[in-house]
Amino acid sequence: MVNISRFTHIYDLGDAVALYHSLRMKPVYLTKNAFKGLQAWLASPFCDKIENAPEKIRTEIHELTKFKILTQNEFEDDKVLQFVKSKIPAPAVNVCYMILSEQCNLACKYCFLGNNDSAKRGNFLREDMSPEIANRAIDFFIRQIKASGLDVEGNKPVLIFYGGEPMINFKVLELVAARINKLRKKEQCIHNIEMSVVTNGLLLDQEKVRKLHDLGVAIAISVDGFSEKANSMRVDVAGQPVFLRILEKLNMCKAMGVDVSLSVTLSEETIRNTKDILKLVDVYGIKAFGFNIMMSSDTFVLPHSYNEAAAKFIIDEFIELRKRGIYEDRMMRKLKSFTNAQIYFSDCAATAGGQIVIAPNGQVGICHGCLHNKQYFIAHIDDDNFVAVKDKNFIEWSQITPVNHQECMNCPALGICGGGCPINAMHLKSGNTIHSIDERFCAHSKKTLEFFIKDLYRIINE
Ligand code: SF4
Ligand code: SF4
């Protein structure tokens, strides 16, 4: 018998209907009449074979079968799921977060690392990364890339200087970046490595900006909008706002002609005003940035309405930004998956088993969200025999993907979601683990998929 797949979801588009298989990921658009014809045929005794489809909707039915929206036998759905699961990538390290310092000169109220919490803050290492540890960390990262066997042409390695506030330890940042540039010729696996620093910007000055630029280290500055109000969560350790000081730094980079990207955390105030971010983009000629959906924790609880509002904000901004030829990272990753009809297994490098985090004392972990308690820090740069991609923790993390979650099976966004953040999932409710669902992320994934399906229909009709 011909049936609608259990992975099929139906979207009402007013004058038409979209049918979408969450794992095959190609929407098929039907007129309302064709959809009624399909429903009538599926309810009739003649739907035993595709060949018996009524003449007037035969083309549509072939299309629906091609994209697995209709199944021809009871095993077809399971086969598709098995096939998709067989494609879950094995861990392969190509991203390194190098934590130059766990100390930070700010104490943002939403900090997911725990800088907003004196108990967690007290756990951060006081010693910054030394040049010796940094050198061994580089060697360790190179060993892990080699062991992963990745084709680095298609998977450029990435080194991110991170903290705390990485600019606190600028001397070591310079040393690392200079050595990496020297090694590019000798070590084929990092010949095309990309380096960036994620900073709150306050410690940037002209000399440092010039050096970063000359060393090929991209600068990402955290800012949450173009007003004091939107940035009210970003405060220094004395609780004083820092927005005006960040603007000075943006002005300085602009005057020097050095491009910066923005890392925008979507505070509740940020998402109240859709024009604010666009002003920032226009005034500072920003070409790239990423939105961060806020994470809740035991010390920072978000209202339920936040998730929906943040999801809507990201879509509204996407529509405006693409008019300027600017594409935000988070939406781009999903759009790529949707347009290529390719399953997006992980939304973060940690759940792809692709990321190592190196703490200032040389401990090696999976996620920088655990810096305050070093959970999932399971190795040290001096463990010559440690191979991340063969480690059971990295393998476990690499299997965290919606297609392995029973709760995700009926979700339309199954293919484009990538899951959210396991650390956030773990903190959402007591009893949760890294294998729980990051519900904060669901509104974003589902709304984004709905937007893509409707937007594609609009484009086809235009
Ligand atoms: S698990 Fe969460 S905090 Fe850690 S890298 Fe992934 S998204 Fe970031
Ligand atoms: S995490 Fe949420 S949005 Fe993503 S596939 Fe699962 S249920 Fe759907």
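Note that the coordinates shown come from a computational prediction; the quantities given were computed from them, not determined experimentally.

Chemist: Help me out: how do you make sense of the pairing of strand β7 (residues 158-163) in this one?
Modeler: Each regular strand displays side chains that alternate between the two surfaces of the sheet. Summarising burial for β7: five of the six residues are buried, a large majority. The pairing of strand β6 (residues 95-101) with β7 spans six bridges and is classified as parallel. Residue pairing for β7: valine 95 is matched across the bridge by valine 158. Here four bridges tie β7 to strand β8 (residues 194-199), and the two strands are oriented parallel to one another. Within β8, the position partnered with phenylalanine 161 by the bridge is valine 197.

Chemist: It is not clear to me how the site of ligand 1 should be interpreted in this structure. Could you clarify?
Modeler: Close contacts around ligand 1 come from Cys348, Ala350, Cys367, Gly369, Cys421, Pro422 and Ile423, and that covers them all. Tallied by class, the residues present in the shell around ligand 1 amount to six nonpolar, one polar and no charged.

Chemist: Please clarify how the site of ligand 2 should be interpreted in this entry.
Modeler: Contacts to ligand 2 come from 14 residues, most closely from Pro402, Cys408, Cys411, Cys417 and Cys442. When the residues that make up the shell around ligand 2 are grouped by side-chain class, the tally is nine nonpolar, three polar and two charged.

Chemist: Mind showing me how you'd approach the sheet that holds strand β14 (residues 377-380) here?
Modeler: Strand pairing in a sheet relies on backbone hydrogen bonds. The paired strands run either parallel or antiparallel. Within the open sheet, the nine strands sit side by side as β11-β10-β9-β8-β7-β6-β12-β13-β14. Their pairing is mixed. Here the strands that pair on one side only, and so sit at the sheet edges, are β11 (289-293) and β14. Ignoring strand direction, the axes of neighbouring strands in this sheet form an average angle of 25°. Judged from the four bridges that link them, strand β9 (residues 217-222) and strand β10 (residues 260-266) form a sheet pairing that is parallel. Opposite serine 222, over in β10, you have serine 263 as the bridge partner.

Chemist: What's the story with the environment of lysine 249 in this structure? I'm lost.
Modeler: For lysine 249, the position within the fold is in helix α8 (residues 243-256). Residue classification places lysine 249 among the buried residues on the basis of 22 C-beta atoms within 10 Å. Ignoring any residue separated from it by four or fewer positions in sequence, one finds lysine 249 in contact with Gly201, Leu202, Leu204 and Ile221.

Chemist: It is not clear to me how helix α11 (residues 329-340) should be interpreted in this structure. Could you clarify?
Modeler: Owing to its 3.6 residues per turn, the α-helix brings residues three or four apart onto one side. Taking 1.5 Å per residue, twelve residues should reach 16 Å; α11 reaches 16 Å between its end C-alpha atoms and fits that length. Among the residues of α11, Met331, Lys334, Ser337 and Phe338 are the ones counted as buried. Around the axis of α11, the buried residues are gathered within 130° of arc, so they sit on the same side. Seen from the buried face of α11, the exposed residues on the opposite side, beyond 90 degrees, are Thr339 and Asn340. Residues of α11 that are buried in the fold lie against α10 (305-323) and α14 (439-461). Following α11 by one or two positions, alanine 341 has its phi on the positive side, about 50°.

Conventions used here
- Residues numbered from 1 in each chain as written.
- Chains lettered and ligands numbered in written order.
- Predicted model: local features only at pLDDT ≥ 70, side-chain atom pairs only at ≥ 80, totals over all residues.
- Buried ≥ 20, exposed ≤ 12 C-beta atoms within 10 Å, placed from the backbone.
- Helix = DSSP H or I, 4+ residues; strand = E, 2+ residues; numbered from the N terminus.
- Pairing = 2+ DSSP bridges.
- Near = placed C-beta within 6 Å.
- Nonpolar A, V, L, I, M, F, W, Y, C, P; charged D, E, K, R; others polar.
- Axes fitted to C-alpha atoms, helices over the stretch in contact; angles between N-to-C directions.
- Contact = placed C-beta atoms within 7 Å.
- Expected span 1.5 Å × (residues − 1).
- Arc of directions from axis to C-beta.

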